[in-house]
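Structural features, examined
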Amino acid sequence: MAGKTATSGIMPASGWQKFWSDFSESPTAVGALFVFLVILFIAIFAPFISPYNPYDLATVDIMNSRLKPGSQDFEDNTFWLGTDGAGRDMLSAIFYGLRVSLGVGALSGLVALIIGTAVGLSAAYFGGRFETLAMRIVDIQLSFPSILMALVILAVFGKGVEKTIIALVLVQWAYYARAARASALVEKNKEYVEAAQCLALGDRRIILHHIMPNCLAPLIVVGTLQTAHAISLEATLSFLGLGLPITEPSLGLLIGNGFEYMYSGDYWISIFPGVALLITIVSINLVGDQLRDIFNPRLQR
């Protein structure tokens, strides 16, 4: 009975109500969640809500390059956020850039979560030399700056969406491994794990069905904050010209494309994608901070 209760991975209705009650205590976090949901909606439905397709060469006119926000072309098309050096509508480019940035950040975070959680849970459960080796690798990786590791990886493998995701995964997995191990060490010594071992359940079943569900709370917090970090890191790499290719422009690449026009007064080409990136990262971080406060037992009243 103890094992069954502890392994329930689905939060009951009363649990969700309490969670939302605790989360909504911070109006800032609720507002950040709403902003993020709007950004997520824009990213998912970008092809349908964008005024133009900024990467359809048949509709992009170089004569419309570097138009100021609110300007119109000869066909009375209004560009509310102006155009970039190639004549692309900045509003549409930002919508598509959000789609790429969130997609890369979420996918890399998910893969890193799976790998890091598997390593961390296994290290805590089996212990011994495997735990020592795995945690020393984690410590060594975390001792290097993330941007430095990502730059080295992309310098070796080159640019590309898949290669950028691989670089972000290799940079992030250690954070999940450490968080998973710390939580699993606490759960490993509880009675429901001992009961499962007495029933001669397999190690894989104990780890996946008994220990892991009780380690999800800190992993959710780490995952939220690391997603924001991944988006920021990808934007930095793309700004430096080492991230995504021109055919898959993210917000970082849009900022980089407009940087050369800053001194000529065409601020909007870099500023508006930068504002979109800032709002995205801040909203995710605010949600993550509130989740951390909720799941932190020291702050529970």
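Residues numbered from 1 in each chain as written. Predicted model: local features only at pLDDT ≥ 70, side-chain atom pairs only at ≥ 80, totals over all residues. Heavy atoms only, no water.

1. Some details on the environment of Phe34
When you line up the elements, Phe34 lands in helix α3 (residues 27–44). Under the relative-accessibility criterion, Phe34 is labelled exposed at 58%. Along the backbone, Phe34 and Ser283 are 249 residues apart, and their C-alpha atoms lie at a distance of 8.7 Å. (Helix = DSSP H or I, 4+ residues; strand = E, 2+ residues; numbered from the N terminus. Buried < 20%, exposed > 50% of the residue type's maximum accessible area, 1.4 Å probe, protein only.)

2. What to know about helix α12 (residues 251–259)
Within the span of α12, buried status applies to Leu251, Gly252, Leu253, Leu254, Ile255 and Gly258. Next to the buried residues of α12 lie α5 (90–126), α11 (216–239) and α13 (268–295). (Contact = heavy atoms within 4.5 Å.)

3. Focus on the nonpolar core
Counting residues in each nonpolar core, the largest one holds 22 residues, and the members touching the most others are Val104, Val138, Trp173 and Leu233. Contributing elements (two or more residues each) for this core: α5, α6 (128–142), α7 (146–157), α8 (161–188) and α11. By residue number, the principal contributor to this core is α8, which donates nine residues. For Leu233, the residues in contact, after removing those within four places along its chain, are Ser146, Ile147, Ala150, Leu168 and Val171. (Core = buried A, V, L, I, M, F, W, Y, C linked by side-chain atoms within 4.5 Å.)

4. What about empty space enclosed by the protein?
Enumeration over the complete set of coordinates arrives at one cavity of 30 Å³ or more. The space that makes up the largest cavity amounts to roughly 30 Å³. Contributing to the lining of the largest cavity are Gln141, Leu142, Phe144, Ser146, Met149, Val171 and Tyr175. For the lining of the largest cavity, the secondary structure elements donating two or more residues are α6, α7 and α8. A breakdown of the residues in the lining of the largest cavity according to their chemical character gives five nonpolar, two polar and no charged. (1 Å grid on protein atoms, 1.4 Å probe; cavity = no way out; pocket = protein on both sides within 12 Å on 5 of 7 lines; lining within 4 Å. Points joined across faces, edges and corners; volume = space filled by probe spheres on them. Nonpolar A, V, L, I, M, F, W, Y, C, P; charged D, E, K, R; others polar.)

5. Quick notes on the packing of aromatic side chains
Across all of its chains, the model carries 12 aromatic pairs by this definition. With centroids separated by 5.7 Å and ring planes inclined at 85°, the aromatic side chains of Phe239 and Phe259 adopt a geometry described as edge-to-face. Taken together, the positions of Phe239 in helix α11 and Phe259 in helix α12 put the pair 20 residues apart, joining distant regions of the chain. Of the residues examined, Phe259 reaches a relative accessible area of 44% and is grouped as partly exposed. Taken together, the ring pairs connect Trp16, Phe19, Trp20, Phe23 and Phe295 into an aromatic cluster. (Phe/Tyr/Trp six-rings, centres within 6.5 Å; stacked < 30°, edge-to-face > 60°.)

6. Digging into the environment of Lys68
On the secondary structure map, Lys68 appears in the loop between α4 (46–49) and β1 (71–72). Setting aside residues up to four positions removed in sequence, Lys68 forms contacts with Phe79, Gly82 and Trp268.

7. Some details on the side chain of Ser270
Position of Ser270 among the secondary structure elements: in helix α13. Excluding residues within four positions of it along the chain, Ser270 makes contact with Ile255, Gly258, Phe259 and Met262.

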